[in-house]
Amino acid sequence: MLEKKDIDGIARAIDDRNIMVLSDEIYSRLIFDGEHHSIMSVDGMKERTILLDGFSKTYAMTGWRMGYGVMRAELATHIARLMTNSASCTASFTQVAGIEALRGSQAAVDAMRAEFQKRRDVMVAGLNKIKGFSCRLPHGAFYVFPNITQTGWLSKKLADGLLDDVGVAALSGTAFGDFGEGYLRFSVANSIENIEKALDRVGPWAKKNL
């Protein structure tokens, strides 16, 4: 998660260069530690930023394919033309649901964020007890990204081994680029009971294979 000093640093680095910023802020409501800071709020960056957000994370509307962008009016005209011809139009009933999500009580969002934080804590604590795994506490979203370099295994090989041998799914860090080697990504978008079950499978597997 980028902190305010990071955001301000990026804005300073861009300075007066002719650069637009595409800011993905889909997890802005699922933050456990600290606060969300948008680069769009930095002086001079509002007109140079395209902010992307949606409903899939905050309102658990994954698969509804509904999001939105905030940008300069003349850019919005072109983006609207692009979206109309590439993805067609969002279904009317989905749009109504989105309006209700925005205007309705946000208590469910707060409760979901608190539950994700509990799951994060369980997953990170459990991974840090497993041979070769080292995991820091993520400050937002619902994933953990443990370092697995001490296992001596490549990320893809380890992810495949966990899936094939004990039925635990993880994504190789290399799915996010070459610098992801040495990491795995686990999702905690599941019950604490199932997270603990996954940890109970990974632990013995690691003792046997690592």
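Refer to the structure printed above.
The present account deals with the structure reproduced in this document. (Residues numbered from 1 in each chain as written. Predicted model: local features only at pLDDT ≥ 70, side-chain atom pairs only at ≥ 80, totals over all residues. Heavy atoms only, no water.)

## Looking at the overall build of the chain
A count of helices and strands for the chain gives six helices and six strands. The N-to-C order of helical and strand elements in the chain reads α-β-β-β-α-α-α-β-α-β-β-α. Reported as C-alpha extents along the three principal axes, the dimensions of the chain are approximately 60 × 40 × 35 Å. Looking at the chain residue by residue over its 210 residues, the buried ones come to 37%. (Helix = DSSP H or I, 4+ residues; strand = E, 2+ residues; numbered from the N terminus. Buried < 20%, exposed > 50% of the residue type's maximum accessible area, 1.4 Å probe, protein only.)

## As for the sheet that holds strand E6 (residues 184-187)
Taken together, three strands build an open sheet; the order of strands is E4-E6-E5 and the sheet is antiparallel. In the strand order of this sheet, the two ends are held by strand E4 (143-144) and strand E5 (171-172), each with one partner. Running over the sheet, helix H5 (residues 155-166) touches E5 and E6 and is turned about 40° from E6. (Pairing = 2+ DSSP bridges. Contact = heavy atoms within 4.5 Å. Axes fitted to C-alpha atoms, helices over the stretch in contact; angles between N-to-C directions.)

## A short note on the sheet that holds strand E3 (residues 67-70)
If you trace the three strands from one edge of the open sheet to the other, you get E1-E2-E3, paired in mixed fashion. In this open sheet, the two strands that pair with only one neighbour each are strand E1 (21-24) and E3. Neighbouring strand axes in the sheet, compared pairwise and without regard to direction, differ in orientation by 20° on average.

## Remarks on the side chain of Thr58
In this structure, Thr58 sits in the loop between strand E2 (49-54) and E3. Sequence-distant contacts of Thr58, that is, excluding residues within four places in its chain, are made with Ile26, Arg29, Val109 and Met112.

## Examining helix H2 (residues 73-86)
For H2, with 14 residues, the first-to-last C-alpha span of 20 Å sits near the 20 Å given by 1.5 Å per residue. Of the residues one or two after H2, Ser88 is the one with positive phi, at around 60°. (Expected span 1.5 Å × (residues − 1).)

## Some points on unusual backbone geometry
The backbone of Asp15 sits at a positive phi, close to 50°, despite the residue not being glycine. Assignment of secondary structure puts Asp15 in the loop between helix H1 (4-14) and E1. According to the relative accessible area criterion, Asp15 is partly exposed, its value standing at 49%.

## Quick look at the environment of Gly126
Structurally, the position occupied by Gly126 is in helix H4 (residues 107-127). A sequence separation of 56 residues divides Gly126 from Gly182, and the C-alpha atoms of the two residues are 18 Å apart.

## Topic: a nonpolar patch on the surface
A cluster of nonpolar side chains, namely Ile79, Leu82 and Met83, defines an oily patch on the protein surface of about 260 Å² accessible area. For Ile79, the location among the structural elements is in helix H2. Judged by relative accessible area, which is 33%, Ile79 ranks as partly exposed. (Patch = residues over 30% accessible without salt bridge, like charges linked within 9 Å, V, L, I, M, F, W, Y side chains within 5 Å. Areas by Shrake-Rupley, 256 points an atom, 1.4 Å probe, with all protein chains shown as cover. Salt bridge = Lys/Arg side-chain N within 4 Å of Asp/Glu carboxyl O.)

## Structural notes on the packing of aromatic side chains
Here a ring pair, both rings aromatic, is described through the centre-centre distance and the interplanar angle of the planes. Inspection of the entire model under this criterion finds nine aromatic pairs. On the numbers, 6.0 Å between centres and 70° between planes, the contact of Phe55 with Tyr68 is edge-to-face. Residue Phe55 is located in the loop between E2 and E3, and its partner Tyr68 is located in strand E3; the two are separated by 13 residues in the primary sequence. Accessibility expressed as a relative area gives 7% for Phe55, which makes it buried. Among the residues examined, Tyr68 registers a relative accessible area of 36% and is labelled partly exposed. Clustering of aromatic rings is evident, with ring pairs tying together Tyr27, Phe116, Phe142 and Tyr143. Of note, Lys157 hangs over the ring of Trp153, and the distance from its end group to the ring centre comes to 4.6 Å. (Phe/Tyr/Trp six-rings, centres within 6.5 Å; stacked < 30°, edge-to-face > 60°. Lys NZ or Arg CZ within 6 Å of the ring centre and 35° of its normal.)

## Some points on the pattern of salt bridges
Under the defined criterion, the tally for this structure stands at nine salt bridges. For Arg113, the salt bridge goes to Asp110, with nearest N and O atoms at 3.3 Å. In this pair, Arg113 and Asp110 are both assigned in helix H4, three residues apart and thus about one turn of the helix distant. Classification of Arg113 as partly exposed rests on a relative accessible area of 23%.

Note that every value here comes from positions in space, so none of it alone points to a role or purpose.
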